[in-house]
Amino acid sequence: MHDADKIGSSALGLLVRTKLKKLVNACPLAVAVYNCIHKMAASFSYAKRFESLRKVGEGIGYKVTKLELDLNNTCVAAKHNLFLSVIKNTPPLKSYFIANPQAQDSEKRADEWEGDATSK
């Protein structure tokens, strides 16, 4: 009712409907991409990891802003802010994963995030 763009929401994995606990209009690739973005933002929500991302951003002359998490599953704005914060921080995120190819398991490299999304 509040979201006029149901096709776009479905394409981003934000709109998944169920009928009798079975997915009706699921887009599995979009849901997988959304889940990978959420995991990456959650990984950088820890102070030590965010500080290392901020230092990489300063090294390339970019001010890093906090990655938003969509803790409220019913609020459309929460998911929008998740995507927007990742898009705004794309240059430092790319630089971080280039500078730290052996990142911890919870901090996957960019190609591994994409691999997770495309394998589902």
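Conventions used here
Residue numbers restart at each chain and count upward from 1, following the sequence in its written direction. It should be noted that, the model being predicted, local features are given only for residues of pLDDT at least 70 and side-chain atom pairs only at 80 or more, the latter also being counted only at that level, while totals for whole chains, interfaces and linings use all residues. As a rule here, side-chain values come from all non-hydrogen atoms in the structure, and water together with hydrogens is ignored. Each helix corresponds to a stretch of at least 4 residues labelled H or I by DSSP, and each strand to a stretch of at least 2 residues labelled E; elements are numbered beginning at the N terminus. Here the term buried applies to any residue with accessible area under 20% of the maximum for its type, exposed to any over 50%, and partly exposed to those in between, with areas from a 1.4 Å probe on protein chains only. A contact between two residues is defined here by any heavy atoms of the two lying within 4.5 Å. Calculation of accessible area relied on Shrake-Rupley with a 1.4 Å probe; when residues are assessed, cover is drawn exclusively from the protein chains displayed. The pairing test for Phe, Tyr and Trp rings, Trp by its six-membered ring, is centres within 6.5 Å, and the orientation test on the planes gives stacked under 30 degrees, edge-to-face over 60, and tilted for anything in between. Each residue after the first adds 1.5 Å to the expected span of a helix. Note that the arc is computed from the directions linking the helix axis to the C-beta atoms.

*Asks:* Describe the overall build of the protein chain, listing the residues and the values that go with them.
*Replies:* Summing up its helical and strand segments, the protein chain has six helices and two strands in all. Here the protein chain holds 120 residues, and 28% of them are scored as buried. If you take every contact in the protein chain between residues at least 6 apart in sequence, the share linking residues at least 24 apart comes to 53%. If you sum the accessible surface of the protein chain, you get close to 8100 Å²; carbon and sulfur atoms cover 59% of it.

*Asks:* Could you give an account of the packing of aromatic side chains, naming the residues involved and the relevant values?
*Replies:* Note on aromatic pairs: each is described by the distance of the centres and the angle between the planes. Across all of its chains, the model carries four aromatic pairs by this definition. Judged by centre distance (6.1 Å) and plane angle (70°), the ring pair of F44 and F97 falls under edge-to-face. With F44 in the loop between α2 (28–43) and α3 (47–59) and F97 in helix α5 (residues 90–99), the pair connects residues that are 53 residues apart, well separated along the chain. Ring centres 5.5 Å apart and planes at 80° place the aromatic pair Y96 and F97 in the edge-to-face group. Counting every residue linked through ring pairs, the aromatic cluster contains F44, Y96 and F97.

*Asks:* Account for α3, with residues named and values stated.
*Replies:* Taking 1.5 Å of rise per residue, the 13 residues of α3 would be expected to cover 18 Å, and the 18 Å separating its terminal C-alpha atoms lies within 8% of that figure. Where α3 is concerned, the buried positions are R49, F50, L53, V56 and G57. Angularly, the buried residues of α3 cover 120° about the axis, an arc narrow enough to put them on a single face. Facing away from the buried surface of α3 by more than 90 degrees, the exposed residues are A47, K48, K55 and G59. Here the buried face of α3 lies against α2 and α5. Two residues or fewer past α3, G61 is found with a positive phi of approximately 75°.

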